[in-house]
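The primary structure of each chain is shown beneath.
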Amino acid sequence: MARRHIIPLLNRLTSSTRLPLTRSVTYMPRPGDGAPRAVTLIPGDGVGPLVTNAVEQVMEAMHAPVFFEKYDVYGDLSKVPQEVIESIKKNKVCMKGGLRTPVGGGVSSLNVQLRKELDLYASLVHCFNLPGLPTRHENVDIVVIRENTEGEYSGLEHEVVPGVVESLKVITKFCSERIAQYAFEYAYLNNRKKVTAVHKANIMKLADGLFLESCREVATKYPSIKYNEIIVDNCCMQLVSKPEQFDVMVTPNLYGNLVANTAAGIAGGTGVMPGGNAGADHAVFEQGASAGNVGKDKIVQQKKANPVALLLSSAMMLRHLQFPSFADRLETAVKRVIYEGKYRTKDLGGDSTTQEVVDAVIANLD
C-alpha cells in the first residue's frame, strides 16, 4: 500500500484514542442547584395514573433530583382545587396526565382553566421521527408553538335567542406578540432555521390579520431565522404530503391544536410525542398531542397505555429544571427501547403493557 494511503488510514485509526474518555461538561451549576426540586403531580383521568406512575418509577430508578407532590384532580370537577393551584405556583413546575374534558353541557375544561390561571400562554409540541418506528414520512422534526390563552378557547359564547349561539374569537396584539416572540426565541436558542406562521387571514382579515402583523414585526428582530406564512388549510395539506419542509410553526389557539395533532400522527402517533405549556413563571408538562384524550377504558383495564410521550415530556421537564444529564439519560433509554422494537404498546403495533415498557426503559438507563 502506498505511503500516501497508509498515513491517512493511521490518522483515522489513532484519532479515536485522542477523544476524551470522560463526560463533557454540559453546564456549570451554581452551588445548591443539585438540591432535589419539588414538582406538582396530577395523575388525571383514564390512562393518566398509568403513565404518570411510569414517570415516577423511572425518576426513582435514575435517582433524579425531583420529588412529587401528588394531587387527585379529575376532569368532572367544576374547577381546579385552590390547593393544587397554590402548589404549582410554589413549585413552578407541574407534571400531569390527561384530564377528561366533558363534551357540551357548558362545563369548562380544567385544562383550559389551568392555562388561564397560571398564564401558560405557550403550548409546545415536538413531533419527530423516532429511529426504529416506521412511518410514512422521514426527516420529520416539527415544533408546534401554539398561543394558549385566547382565540376560540376564550370561552366567550352565549345563546342570543333560542337556537342561535354566538361564539367570540378574541385575538389581541399583546398575546400575539408574546407568542411570536416565544417562537422566534425558541428557534434562536435551539438552532432552528425557520418559523412558519399559520393563519386564516384571507377570511378573518382583522383577527388573524392582527396575529400575522405581530409575527411579521417580531420576525424583523431575528434576521438569521427565515420567516414565512401559510394558510391553515394549505398547511394541513402540506403536512400530510411533505411534512419535512416545516421546522418551527407558530399558531393561534385552535389551529395549533389541529396542526399539532396532525403532525404527531404523521411522525409516529400521539402516544410518543412530548410537550408542555409554559408561561413567564410556571410550566406544566404533559403528553404533547391529544393531552385531553384520556384513553379507552379497555386500555386502562389491560394496563397497556403508552408511557413514551409522558416519559419524553418528563425529559423536557428535567432540562427545564437544569438537570440536562438526567434528561439525556432518559431520552436515550426511551429511544433505545423504541429502536429495539421489543416492547411496544398496541398503538405502536405491539402488545406490551405499560409496565413492560417502563421496565425496558429502566434497564436501558446508563
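Up top you'll find the structure we're talking about.
Below or above, wherever it landed, is the structure these notes cover. Keep in mind that what you see is a predicted model, and the values were worked out from it rather than measured.

Thresholds applied
Residues numbered from 1 in each chain as written. Predicted model: local features only at pLDDT ≥ 70, side-chain atom pairs only at ≥ 80, totals over all residues. Heavy atoms only, no water. Helix = DSSP H or I, 4+ residues; strand = E, 2+ residues; numbered from the N terminus. Rg over C-alpha atoms; globule rule 2.2 N^0.38 Å. Buried < 20%, exposed > 50% of the residue type's maximum accessible area, 1.4 Å probe, protein only. Contact = heavy atoms within 4.5 Å. Areas by Shrake-Rupley, 256 points an atom, 1.4 Å probe, with all protein chains shown as cover. Lys, Arg positive; Asp, Glu negative; His and termini not counted. Charge placed at Lys NZ, Arg CZ, Asp CG, Glu CD. Pairing = 2+ DSSP bridges. Axes fitted to C-alpha atoms, helices over the stretch in contact; angles between N-to-C directions. Core = buried A, V, L, I, M, F, W, Y, C linked by side-chain atoms within 4.5 Å. Expected span 1.5 Å × (residues − 1). Parallel < 35°, antiparallel > 145°, perpendicular 65-115°, else oblique. Left-handed = near helix turned anticlockwise from the far one by under 90°.

1. Remarks on the overall build of the chain
Summing up its helical and strand segments, the chain has twelve helices and twelve strands in all. Relative to the 2.2 N^0.38 estimate, which gives 21 Å for 366 residues, the radius of gyration of the chain is 22 Å and therefore close to what a compact globule would have. Along the first, second and third principal axes, the C-alpha atoms of the chain reach 90 × 45 × 45 Å. Out of the 366 residues in the chain, the part that is buried amounts to 49%. Expressed as a percentage of contacts within the chain between residues at least 6 apart in sequence, the contacts between residues at least 24 apart total 76%. Taken as a whole, the chain presents about 18400 Å² of accessible surface, with 55% of it coming from carbon and sulfur. Between the averaged position of the 41 positive side-chain charges in the chain and that of its 39 negative side-chain charges there is a distance of 9 Å.

2. Quick word on the sheet that holds strand β11 (residues 274–278)
One open sheet holds the ten strands; their spatial order is β2-β1-β3-β12-β11-β4-β5-β10-β8-β9, and the pairing between them is mixed. Each of the sheet's edge strands pairs with one partner strand only, and the pair in question is β2 (66–70) and β9 (226–231). Strand-to-strand, the axes of this sheet are offset by a mean angle of 25 degrees, without reference to chain direction. In the sheet, β11 pairs with strand β12 (residues 283–287) via five bridges, with the strands oriented antiparallel. From the neighbouring strand, Gly276 faces β12, where its bridge partner is Phe285. Contacts from helix α2 (residues 48–62) reach β1 (37–42), β2 and β3 (93–96), with the element oriented near 150 degrees to β2. The sheet contacts of helix α3 (residues 82–91) involve β1, β2 and β3, and relative to β1 the element is tilted by about 150 degrees.

3. Description of the nonpolar core
Core analysis: the largest hydrophobic core is formed by 65 residues, its most contacted members being Met59, Val66, Leu318 and Val361. Grouped together as the second largest cluster of nonpolar side chains are 24 residues, Ala197, Phe211, Leu212 and Cys215 included.

4. Comments concerning the environment of Val259
Structurally, Val259 can be placed in helix α8 (residues 253–267). What Val259 contacts, discounting residues up to four positions off in sequence, is Val144, Val198, Cys235, Leu239 and Met249.

5. Looking at the environment of Met204
Position of Met204 among the secondary structure elements: in the loop between β8 (194–199) and α6 (207–219). Once the C-alpha coordinates of Met204 and Phe323 are considered, the two residues, 119 residues apart in sequence, prove to be 43 Å apart.

6. Let's talk about helix α5 (residues 173–189)
Its 17 residues give α5 an end-to-end C-alpha distance of 24 Å, which sits within 8% of 24 Å, the value for a rise of 1.5 Å per residue. Buried residues in α5 make contact with β4 (122–128), β5 (141–147), β8, α6, β9 and β10 (248–251). Following α5 by one or two positions, Asn191 has its phi on the positive side, about 55 degrees.

7. Focus on the packing of α2 against helix α12 (residues 354–363)
It is the contact of α2 with α12, at a shortest axis distance of 10 Å, that shows an interaxial angle of 20 degrees. In terms of their interaxial angle, α2 and α12 are classed as roughly parallel. Handedness of the crossing formed by α2 with α12: right-handed. In contact with Leu50, Ala54, Gln57, Val58 and Ala61 of α2, α12 contributes Thr354, Gln355, Val358, Val361 and Ile362.

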